[in-house]
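Chain residues, written in single-letter form:
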Amino acid sequence: MAPIAFGLDKFFNLLTDWPGYLAPFVDRLVPGTGQQAMYAVGVIEIVAGLLVAARPKYGAVVVAAWLAGIIVNLLLLGEYFDVALRDFGLLVGALALWRLASDHRTADPSAPRR
């Protein structure tokens, strides 16, 4: 639910001024303005949130990769290290969800679990 909420807010900037979180290096790489980049980010976050809801095994990997990109962006920005640390915790949580959603059981239900 959080990725969907944050994705929607990229269109309204109610929680914060999202373009301010975009590293200048990244802003120069992407076409358009910082706000237009945040529109694309918002769409990706909404899709990732819906994917987690529908297919957690795959959505969790997408969210983990997305969070890794956000962390790199924040580290390049040289600010918001607290947010980067929080996002690292969310990345670990996404990987835990991926692990839980992945079926690692053997075909024999009587076999001991690893």
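That block above? That's the structure.
Residues numbered from 1 in each chain as written. Predicted model: local features only at pLDDT ≥ 70, side-chain atom pairs only at ≥ 80, totals over all residues. Heavy atoms only, no water.

### Quick word on the overall build of the protein chain
Here's step 1: Looking only at helices and strands, the protein chain has 5 helices and 0 strands in total.
Here's step 2: In summary, the protein chain has a C-alpha radius of gyration of 17 Å against a globular reference of 13 Å for 114 residues, an excess of more than 25%.
Here's step 3: With the principal axes as the frame, the protein chain shows a C-alpha extent of 55 × 25 × 25 Å.
Here's step 4: With 114 residues in all, the protein chain has 29% of them scored as buried.
Here's step 5: Counted over contacts in the protein chain with a minimum sequence separation of 6, partners at least 24 positions apart contribute 56%.
Here's step 6: Taken as a whole, the protein chain presents about 7700 Å² of accessible surface, with 69% of it coming from carbon and sulfur.
Here's step 7: Mean positive and mean negative side-chain charge positions of the protein chain (9 and 9 charges, respectively) differ by 14 Å. (Helix = DSSP H or I, 4+ residues; strand = E, 2+ residues; numbered from the N terminus. Rg over C-alpha atoms; globule rule 2.2 N^0.38 Å. Buried < 20%, exposed > 50% of the residue type's maximum accessible area, 1.4 Å probe, protein only. Contact = heavy atoms within 4.5 Å. Areas by Shrake-Rupley, 256 points an atom, 1.4 Å probe, with all protein chains shown as cover. Lys, Arg positive; Asp, Glu negative; His and termini not counted. Charge placed at Lys NZ, Arg CZ, Asp CG, Glu CD.)

### Side note on the side chain of E45
Here's step 1: Relative to the elements of secondary structure, E45 occurs in helix α3 (residues 34-54).
Here's step 2: Polar side-chain contacts of E45 include one of 3.3 Å to the side chain of W66.
Here's step 3: Excluding its chain neighbours within four sequence positions, the residues that come into contact with E45 are P3, I4, F6, G7, K10, W66 and I70. (Polar contact = N/O pair within 3.5 Å; in protein donor to acceptor, adjacent residues only side chain to side chain.)

### Focus on a nonpolar patch on the surface
Here's step 1: On the surface, L8, F11, F12, L14, Y39, V43 and V47 cluster together into a nonpolar patch covering about 700 Å² of accessible area.
Here's step 2: No other element matches the 3 residues that α3 contributes to the nonpolar patch.
Here's step 3: For V43, a relative accessible area of 44% corresponds to the partly exposed category. (Patch = residues over 30% accessible without salt bridge, like charges linked within 9 Å, V, L, I, M, F, W, Y side chains within 5 Å. Salt bridge = Lys/Arg side-chain N within 4 Å of Asp/Glu carboxyl O.)

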